[in-house]
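Structural characterization, general
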Amino acid sequence: MKSLADAFEHTLQDVYFAENAITKALPKVIESVSNAELKTALKDHLTETKGQIKTLQAVFKSIGKKASGEKCDAIEGLIKETEGVIKETKGAVARNAAVIGCCQAVEHYEISRYGTLREWAKALGETEAHDLLGEILDQEKAANHKLTHIAVSTINKAGK
C-alpha cells in the first residue's frame, strides 16, 4: 500500500471478507444460545449483515472496483475465540453472557473499521462510499447497543 486510496481499498476488502465470514459463523452462534431475546437479536443481525454485504458491494462499485475480500486474520481470530467459548461453556447463563461478550468484540472491531473507512472515504472525496459506510457504521453501533441492553437487562441479572 502506497497511498490512502490503497489502504482504503485493502481495508474495504478486509471488512468484505469479515462480513462474509460472520454470515457463515452466526448460525452456529445463534444455535448455541438459549435466551430468546438474544437469539432474536442475533438472527436479526444475521439478516442485517447480509444487507451490509450488499451495501459493501455498492461501496466497491462507487469507487470503480469489483467487490472482493482479503483474508482478515482479526475476524478469523474472533470467530475462533467465539467457537472456543461455545465449546467451553456448559451453563446457559454463562454461555449467553460469554457469547454476548464475543459478539461485542466483533461489533467493536467492525465499528473501528467502518469508522476508519468512512473517514478515509471522506478524505478521498468518495461521497457515496462515505454515506454508505456511515449507514453500516450506524447499524453496527446499534447492534452493539442492543447486545449491551440484553446483557444488562436480562443475562447479567440471571447470573446473580
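Look up a bit, the structure's there.
Residues numbered from 1 in each chain as written. Predicted model: local features only at pLDDT ≥ 70, side-chain atom pairs only at ≥ 80, totals over all residues. Heavy atoms only, no water.

Take the overall build of the chain next. A tally of helices and strands in the chain yields five helices and zero strands. Starting at the N terminus and walking to the C terminus, you meet the elements of the chain as α-α-α-α-α. Taking the principal axes of its C-alpha atoms as reference, the chain extends roughly 50 × 25 × 20 Å. A burial count over the chain gives 42% of its 160 residues as buried. Sequence-distant contacts in the chain: of pairs separated by 6 or more residues, those separated by 24 or more amount to 78%. When the accessible area of the chain is evaluated, it comes to approximately 8,300 Å², of which 53% is carbon and sulfur surface. Here the chain holds 22 positive side-chain charges and 23 negative ones, and the gap between their average locations is 5 Å. (Helix = DSSP H or I, 4+ residues; strand = E, 2+ residues; numbered from the N terminus. Buried < 20%, exposed > 50% of the residue type's maximum accessible area, 1.4 Å probe, protein only. Contact = heavy atoms within 4.5 Å. Areas by Shrake-Rupley, 256 points an atom, 1.4 Å probe, with all protein chains shown as cover. Lys, Arg positive; Asp, Glu negative; His and termini not counted. Charge placed at Lys NZ, Arg CZ, Asp CG, Glu CD.)

The next point concerns the packing of aromatic side chains. A full pass over the atoms with the stated rule returns one aromatic pair. Where Tyr-16 meets Phe-60, the ring centres are 5.6 Å apart and the plane angle is 80°; that geometry is what we call edge-to-face. Of this pair, Tyr-16 sits in helix 1 (residues 4–32) while Phe-60 sits in helix 2 (residues 36–62); the two residues are 44 residues apart in sequence, bridging distant segments of the chain. Owing to a relative accessible area of 12%, Tyr-16 belongs among the buried residues under this scheme. (Phe/Tyr/Trp six-rings, centres within 6.5 Å; stacked < 30°, edge-to-face > 60°.)

A separate point is the pattern of salt bridges. Under the criterion given, the structure shown has five salt bridges. Notably, a salt bridge pairs Asp-73 with Lys-71, separated by 2.9 Å at the nearest N-O pair. For the residue pair Asp-73 and Lys-71, the accessibility class agrees, reading exposed in each case. For the salt bridge of Glu-76 with Lys-71, the shortest nitrogen-to-oxygen distance reads 3.3 Å. In the salt-bridge network here, residues are joined through shared partners; they are Lys-71, Asp-73 and Glu-76. (Salt bridge = Lys/Arg side-chain N within 4 Å of Asp/Glu carboxyl O.)

As a further point, take the nonpolar core. Counting 26 residues, the largest nonpolar core has Val-29, Leu-38, Leu-42, Ile-75, Val-99 and Ile-100 as the members making the most contacts within it. For this core, the secondary-structure elements that each account for two or more residues are helix 1, helix 2, helix 3 (73–88), helix 4 (92–123) and helix 5 (127–158). With seven residues, helix 1 is the single largest residue contributor to this core. Listed in part, the 17 residues of the second largest apolar core include Phe-8, Leu-12, Tyr-114 and Leu-137. (Core = buried A, V, L, I, M, F, W, Y, C linked by side-chain atoms within 4.5 Å.)

Here we take up the packing of helix 3 against helix 4. The contact between helix 3 and helix 4 brings their axes to 9 Å, and the two run at 175°. One way to sum up the angle between helix 3 and helix 4 is to call them roughly antiparallel. Across from Ala-74, Ile-75, Leu-78, Glu-81, Thr-82, Val-85 and Ile-86 in helix 3, the residues of helix 4 making contact are Arg-95, Ala-98, Val-99, Cys-102, Ala-105, Val-106 and Tyr-109. Here the contact of helix 3 with helix 4 is composed, by residue class, of 11 nonpolar, one polar and two charged. (Axes fitted to C-alpha atoms, helices over the stretch in contact; angles between N-to-C directions. Parallel < 35°, antiparallel > 145°, perpendicular 65-115°, else oblique. Nonpolar A, V, L, I, M, F, W, Y, C, P; charged D, E, K, R; others polar.)

What follows concerns the packing of helix 1 against helix 4. Closest axis-to-axis distance for the helix 1/helix 4 pair is 10 Å, and the angle between their directions is 160°. Relative to helix 4, the element helix 1 is oriented roughly antiparallel. Our pair here, helix 1 against helix 4, has a crossing hand that is left-handed. Taken together, the residues of helix 4 that come into contact with helix 1 (itself represented by Leu-4, Ala-7, Phe-8, Thr-11, Leu-12, Asp-14, Val-15, Glu-19, Ile-22, Val-29 and Ser-32) are Arg-95, Val-99, Cys-103, Val-106, Tyr-109, Glu-110, Arg-113, Tyr-114, Leu-117, Trp-120, Ala-121 and Ala-123. In the contact of helix 1 with helix 4, the residues fall into 16 nonpolar, two polar and five charged. (Left-handed = near helix turned anticlockwise from the far one by under 90°.)

Read these as spatial facts, not as claims about activity.
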